[in-house]
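# Report on the structure
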Amino acid sequence: MEFVVFMTLPGLVILLVVIALGDQLLRATGHGRRQGQVSATGFEQLHATFSQGKQNELKERQSSLVMRDDEEDGTPPHRSTVDLRSGTAVIRLPSSSQ
């Protein structure tokens, strides 16, 4: 019978709140050694169910995790370089023929 209650929307919210409380108690006592909160994921998915904007945000977050991050993104290609370890920067100006 309890399973049927948690299949309804109010039951799901109650279950998420109970999980969130348990998660916070574990973290407060020092037994939860992980980063982030498990309960936050459940609340985000519940929010995404009712909000199209949240669905788009979660899809964008997932796609950004999959995309490759190149070192050259956002800089002119093969012109300027910055070496933070040695503290030098090389700036090559475009030729005047362009």
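What counts as what
Residues numbered from 1 in each chain as written. Predicted model: local features only at pLDDT ≥ 70, side-chain atom pairs only at ≥ 80, totals over all residues. Heavy atoms only, no water. Helix = DSSP H or I, 4+ residues; strand = E, 2+ residues; numbered from the N terminus. Buried < 20%, exposed > 50% of the residue type's maximum accessible area, 1.4 Å probe, protein only. Contact = heavy atoms within 4.5 Å. Areas by Shrake-Rupley, 256 points an atom, 1.4 Å probe, with all protein chains shown as cover. Expected span 1.5 Å × (residues − 1). Salt bridge = Lys/Arg side-chain N within 4 Å of Asp/Glu carboxyl O. pLDDT = per-residue confidence, 0-100. Patch = residues over 30% accessible without salt bridge, like charges linked within 9 Å, V, L, I, M, F, W, Y side chains within 5 Å.

Before going further, it helps to spend a moment on the overall build of the chain. On a plain count of helices and strands, the chain comes out with four helices and two strands. Looking at the chain residue by residue over its 98 residues, the buried ones come to 9%. A fraction of 17% describes how many contacts in the chain between residues 6 or more apart in sequence connect residues 24 or more apart. In the structure as shown, the chain presents an accessible area of about 8,600 Å², 61% of it carried by carbon and sulfur atoms.

This part takes up helix α2 (residues 9-29). With 21 residues, α2 extends 30 Å from end C-alpha to end C-alpha; this agrees with the ideal 30 Å at 1.5 Å per step. Listed in full, the buried residues belonging to α2 are Gly 11, Leu 16, Ala 20 and Asp 23. Phi turns positive one or two residues past the end of α2, at Gly 30, with a value near 90 degrees.

Pairing is possible between side chains that carry opposite charge, provided their charged atoms lie close to one another. Summed over the entire model, instances satisfying the criterion amount to four salt bridges. Where Glu 44 meets Lys 54, a salt bridge forms, and the shortest distance between an N and an O atom there is 3.8 Å. Highlighted residues: Glu 44 in helix α3 (residues 38-50) and Lys 54 in helix α4 (residues 52-66), separated in sequence by ten residues. In this structure Glu 44 comes out as partly exposed when scored by relative accessible area, which is 24%.

This part covers the environment of Thr 81. With respect to the helices and strands, Thr 81 occurs in strand β1 (residues 81-83). Between the C-alpha atom of Thr 81 and that of Arg 92, which follows or precedes it by eleven residues, the distance is 8.7 Å. Contacts of Thr 81, omitting those with residues within four sequence positions, involve Thr 88, Ala 89 and Val 90.

Further remarks concern the confidence of the model for the chain. On average, residues of the chain carry a pLDDT of 76, and 76% of them reach 70 or more. Within the chain, the lowest mean pLDDT, 71, falls on helix α1 (residues 2-6), and the highest, 85, falls on strand β2 (residues 88-90).

Glancing now at a nonpolar patch on the surface. The grouping of Leu 9, Leu 12, Val 13, Val 17, Leu 21, Phe 43 and Phe 50 at the surface amounts to a nonpolar patch, some 590 Å² of accessible area in total. At the level of elements, α2 and α3 are the ones that each hand at least two residues to the nonpolar patch. By residue number, the principal contributor to the nonpolar patch is α2, which donates five residues. With respect to the secondary-structure elements, Leu 9 resides in helix α2.

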